[in-house]
Every structure is written in structure tokens, then in C-alpha cells.
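Chains, contacts and geometry: an overview
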Amino acid sequence: MNAGIIMSRVEKLRALMADKGLEVFTLIVDERANSESCHYISGFRGSSAGLIITMDSATLITDGRYTTQSKAQTPFNIIIQSELSMPEYIAKAVSDGGYSRAGFEAEKISHATFTKSFAPVKCEWLDASGMIPKLRRTKDAHEVSLIREAGRIGREALGNVLKISHVGMSEVEFEILLTGEIKRLGAEKGWAHDDFIVASGERSAMCHAPATPKTFADGETVTVDYGAMVGGYMSDITRNFALGNVSDKAREINDVLLRAHSEAVKALRPGIKGCDVDAVARKVIADAGYGDKFVHGLGHGLGLEVHEAPRLSRTSKDILMAGDVVTVEPGIYIEGWGGLRIEDDYLITEDGCECLTVNDNQSLSVI
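Residues numbered from 1 in each chain as written. Predicted model: local features only at pLDDT ≥ 70, side-chain atom pairs only at ≥ 80, totals over all residues. Heavy atoms only, no water.

Attention shifts here to the packing of aromatic side chains. Counting across every chain of the model gives 11 aromatic pairs. With a centroid separation of 6.0 Å and an interplanar angle of 85°, the aromatic rings of Phe-104 and Trp-125 are classed as edge-to-face. You can see Phe-104 sitting in strand S5 (residues 101–104) and its partner Trp-125 sitting in strand S6 (residues 124–127), a full 21 residues away along the chain. When sorted by exposure, Phe-104 lands in the same class as Trp-125, which is buried. On the basis of an interplanar angle of 70° and a centroid distance of 6.1 Å, the ring pair of Phe-114 and Phe-118 is categorised as edge-to-face. Of this pair, Phe-114 and Phe-118 are both found in helix H5 (residues 111–118), 4 residues apart, which corresponds to roughly one turn of the helix. Among the residues examined, Phe-118 registers a relative accessible area of 0% and is labelled buried. One aromatic cluster in this structure is built from Phe-104, Phe-114, Phe-118 and Trp-125. The ring centre of Tyr-40 lies 4.1 Å from the NZ or CZ of Arg-9, which sits over that ring. Over the ring of Phe-294 we find Arg-282, and its NZ or CZ is 4.1 Å from the ring centre. (Phe/Tyr/Trp six-rings, centres within 6.5 Å; stacked < 30°, edge-to-face > 60°. Helix = DSSP H or I, 4+ residues; strand = E, 2+ residues; numbered from the N terminus. Buried < 20%, exposed > 50% of the residue type's maximum accessible area, 1.4 Å probe, protein only. Lys NZ or Arg CZ within 6 Å of the ring centre and 35° of its normal.)

The omega torsion of the bond from Ala-309 to Pro-310 falls at 5°, within 30 degrees of zero and hence cis. For Arg-32, which is not a glycine, the phi torsion comes out positive at approximately 80°. When you line up the elements, Arg-32 lands in the loop between strand S1 (24–30) and helix H2 (35–42).

See below:
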């Protein structure tokens, strides 16, 4: 990542620190947990790290495994250490620096870690959990370009795999082929921490059904929820296809979802509540007689993680802002029959939205 982008983000973080009266901000990555925020603010993508950011310095602490990688990925000062645990080293650095007000991410640190390592330090520890997520929510041009490329690769990969899919192919085989094609086309991987959803026939009534050895049968529909990762940023796409003859019911439900998706997208703009966008799609589905079959929220934020702020759901009070990237994914699920979902990713712009995954192939494909 460009050093200028990283240091620009650090300056924005320092502005938030000043508002909260913090002299130092700390962050810990433990076995990849919280690695997304570390990547965002420092550029470093290792599995173990600590950050110490003050008004005039930015330091990355990691271990010997990442000596070369850290130098390549971050403009921060780098300390390679092995004598203390990461929380102990962070606490010692704060103590040695004589800081009186230090920020830490209470949502990311266990009570035991805080009690053992941070509490003994004679300073005021203030919860700064919301700072980097606040910065991460608004995507800059660099981030948008990565998500757009992840969407392009995802769409092309699915199209290529559908050309060789057939009755008798297993869900697992399909997932393996799709993952391989995504990487062949230049993505780092699929999603960071989750397998794809590949659900055929009655199994597609389960919203989060993982791929199984079940084979595709003639006349079934298949739902594929998947994405690609580029530069750490992910796309999130859901498409449906049918094998052989498509039932009238599948076509009807797909048409309902197309209308719900389209109407919700028309509502996307700065200033609208997430719950109000959800309500638009939910009304279309309810008017078609499937209101009780849409069992999840309409969408979610997307970026370094598959699920980020803001949320589009019945209970969401999030207000959309320019720079948000959100999914729109209405679905209908009928136990004993199956389900369908249509999902694409949208950037909220100053006057509406832009689709980052190109939603021109949402119709039910037949192979």
C-alpha cells in the first residue's frame, strides 16, 4: 500500500485522538484477530503485531517471523521483539513513555489481558474501540478500486465455472473450482475467513449452507454466495442457477427478488436509514406473498471484512453516508423447497449509488 495513503489515515486517526484527549493509541493483533484494522492503519498484514501511535510517531511491533515483511509493508518505525508478550510490550511502552491518557480497543482485548498487562500501568486507559472502524467505514478511491476489481474477478470466475458445471457435479467440487478460478484470475483468495455458500435443491432454504458432497440434480436450483479478495478487500456476490428445466416457482421467486433488489437500490443514497432501505425491499417481497420467507437483513457494509458497518436491516439505525460500501441481498427461503438470493455490492455516492459488482447478470442462469 502506498505510504502516502497510510500516513494520511494516521493523520485522521490523530485528529480523533485529539478529540478524545488521547496522548497515545494502541492496537494489538493476536493470531490474526484484529489484523484488518492493523492492515488499514499501518499496511502490515502479519498475524501478530502491536501498534503504538502518538501525535508525532507511529511504531509497529512484531516478531522475527515478520522482519522482512514488515519492512516491505509499513512506513512505521519497526521494532522486532521476543522478550515479552505483545500486551506486556505495549503496556511497558506506554509506561516508559510516561503517558497519562492512553487509548486501547476494549472490544478486542480480553478482561484477563487488560487486568494482567494494562491495569498495572499508572495512566488512564480509555476505550478507543470505535476509532479505526469509524475511519474504515468510509472507503477512499483506492479501497473502492480494490473492491471493484474483486467484483470483476468474482463475476468472471463464476461465468467460467458455470460453463463446465453439470448435473452430477457436487457442491464441494463446484466450490473448489470456483475458488481455484478466482485465484487463477489474480485474486489472493476468496473470502478471508469463510468458505463459500453453495446450496442446491432443498438445501438452498438454508441461508448459510456450506458446500457438501451432495450432487446437483436435474431441475434443481443452486445458490452460490461467494467473493474474491484483492489487496485485502473483498467482494460479496450471490447468484442462482438452474440445471435443466426451471420450475415456474423458481422463476416467480427470482422475479420477485429482482424487483426487491432493484427498488432497494433506487433508495440507496446519503442520509437514508438502513432500516428504511430494508423496508423498501421487504415490502416488495411481502406484497408478493413471501413476507415471512425473507428471514435476514437486506445487507451490510463490506471492505476488509465481509461484514462491516453500516447495516441494512429492520432494526438498523445506521444512516448511510457517501463512501459507504454495502451489499443488497434480498432472499426468499422455503423449507422443503429451497431458496434464492440476489446480491451485489454498492458504493454510496453523493447523489445515489454505484454498483461495484455490475448487476447485469442477476437473472436465473440455466445450464
